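Report on the structure
Here are the chains, one letter per residue:
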Amino acid sequence: MADGWEWDETLFAGTAAHYRRGRLPYAPGLAEALVGVLRPDGRGRLVDMGCGPGILALDLAPLFAEVVGVDPDADMLTEAGREAAARRTGAKIRWVRARAEELPPDLGTFDVATFGQSFHWMDRARVAAATRDLLGPGGTLVHVSDLRTGPPAAGALPYPEVPGAAIRDLVTRYLGPVRRAGRGVLPDGTPGGEAAVLARAGFTGPRRLVVPGGQLLRRTPDDVVAEVFSMSFSAPHLFGPRRAAFEADLRGLLREASASGLFSARGPGTEVFFWGTDPDGGHPHACDRRPWTAPADAGAPPGGA
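Residues numbered from 1 in each chain as written. Predicted model: local features only at pLDDT ≥ 70, side-chain atom pairs only at ≥ 80, totals over all residues. Heavy atoms only, no water.

Let's shift gears to the packing of aromatic side chains. Inspection of the entire model under this criterion finds 8 aromatic pairs. Ring centres of Phe12 and Trp121 lie 5.9 Å apart, and the angle between their planes is 90 degrees; on these two criteria the pair is classed as edge-to-face. A residue pair is termed long-range when its members are at least 10 positions apart, and Phe12 in the segment before helix H1 (16-22) and Trp121 in the loop between strand S4 (110-116) and helix H5 (124-134) qualify at 109 residues. Residue classification places Phe12 among the buried residues on the basis of a relative accessible area of 17%. Note on Tyr174 and Phe246: the rings are 5.3 Å apart at their centroids and 80 degrees apart in plane angle, and the pair reads as edge-to-face. With Tyr174 in helix H6 (residues 164-175) and Phe246 in helix H9 (residues 243-257), this residue pair connects regions lying 72 residues apart in the sequence. Grouping aromatic residues by their ring pairs yields a cluster made of Tyr174, Phe229, Phe239 and Phe246. The side chain of Arg45 reaches across the aromatic face of Phe110, ending 4.1 Å from its centre. Residue placement shows Arg243 over the ring face of Phe229; its charged tip is 4.8 Å from the ring centre. (Phe/Tyr/Trp six-rings, centres within 6.5 Å; stacked < 30°, edge-to-face > 60°. Helix = DSSP H or I, 4+ residues; strand = E, 2+ residues; numbered from the N terminus. Buried < 20%, exposed > 50% of the residue type's maximum accessible area, 1.4 Å probe, protein only. Lys NZ or Arg CZ within 6 Å of the ring centre and 35° of its normal.)

The next subject is the environment of Arg173. Relative to the assigned elements, Arg173 resides in helix H6. With 73 residues separating them along the chain, Arg173 and Phe246 place their C-alpha atoms 9.5 Å apart. Engagement of the side chain of Arg173 in a polar contact is seen with the side chain of Asp249, the distance being 3.2 Å. (Polar contact = N/O pair within 3.5 Å; in protein donor to acceptor, adjacent residues only side chain to side chain.)

Here the focus is the confidence of the model for the protein. Within the protein, residue pLDDT values average 90, and 90% of them lie at 70 or more. Contacts from residues 285-305, a stretch scored under 50 in pLDDT, to residues over four places away or in other chains number 39 contacts. (pLDDT = per-residue confidence, 0-100. Contact = heavy atoms within 4.5 Å.)

Moving on, we get to helix H8 (residues 221-229). The buried fraction of H8 amounts to 7 of the 9 residues, a majority that puts the element mostly inside the structure. Taken as a whole, H8 has its buried residues at Asp223, Val224, Val225, Ala226, Glu227, Val228 and Phe229.

Summarising burial for strand S5 (residues 135-147): 12 of the 13 residues are buried, a large majority. Two elements, S4 and S5, share 6 bridges in a ladder whose sense is parallel. Bridge pairing in S5 links Gly116 to Val144. For S5 and strand S11 (residues 269-276), the ladder comprises 8 bridges, and the chain directions are antiparallel. By the bridge assignment, Val144 is partnered in S11 with Val272. (Pairing = 2+ DSSP bridges.)

Pairing within the open sheet is mixed, and its 7 strands lie in the order S3-S2-S1-S4-S5-S11-S8. Only two strands of the sheet have a single partner each, and these edge strands are strand S3 (93-97) and strand S8 (204-211). Averaged over all neighbouring strand pairs, the angle between strand axes comes to 20 degrees, with direction disregarded. One ladder, built from 4 bridges, connects strand S1 (residues 45-49) with S4; its direction is parallel. Bridged to Asp48 within S4 is Thr114. Helix H4 (residues 74-87) contacts strand S2 (66-71) and S3 of the sheet and is inclined by roughly 170 degrees relative to S3. In the packing of H5 onto the sheet, contacts are made with S1, S4 and S5, and the angle to S5 comes to roughly 135 degrees. (Axes fitted to C-alpha atoms, helices over the stretch in contact; angles between N-to-C directions.)

Time to look at the pairing of S1. Most of S1 is tucked away, with 5 of its 5 residues classed as buried. Residues Arg45, Val47 and Met49 of S1 are buried on one face, and the alternating residues Leu46 and Asp48, pointing to the opposite face, are buried as well. The parallel pair S1 and S2 is bridged by helix H3 (residues 55-60), and the resulting crossover is right-handed. (Right-handed = clockwise from strand over helix to strand, strands pointing away.)

Okay, structure coming up:
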């Protein structure tokens, strides 16, 4: 966690109802790409740390015999359970309300542990060590995040882009110039350097995979409002009694930005790092130890700390 900042239960308070609609999706083909690396046989166990409303856990559930989603936010797990029921996958998924730092002792051993844009909110050294203990021989830690640094996709957009800079300015006007996070602030953002943290915990690797994004997405004002309210730095509770005024100003800004009321966005790519538990650095999953060769466009892993 960032120096001088402590996690508290309000970090994502009120965001769960907005998360699935508001957040841009992972790149299409992510699950298929993970199959190509992990080669699951349908009998393994997956734990998704900081699972939120189950975005990653639910997409990967068909690949495993059992899935455990862990998150400290009760509303997130309610949303996850609702979606699991809609997909009729609830029988194989267990939702556990807990911080990754305070896991219950009865979770058992797992083949794969996933972190979907959640590791940076945790006491990373402590969680890395705990995850290493949860993974059986040949287990894999999978770190998944958006990748927004690729070249812009070619072709004109049918609608205006979401006015991100103007939205950030509006949030700043209401909440101040320093990034909010729960009851605290993060003037320097969340920490990086997870590679060094995982290496110190005894993980080997990483192996990197990039799943290209760039798909054209149509966004409505409701989608954009949901995206804003899904973020920790603009979570609904942070606005207090001014929330309605903020949303009215946000919707007014969006009306001015698009005469049609619609916006275009490009889906981000998805970057995945696979960390193994085998000291010899073998294939990251026990089900299949054939070597994996990164795609030509995947590039090299970034530097450590």
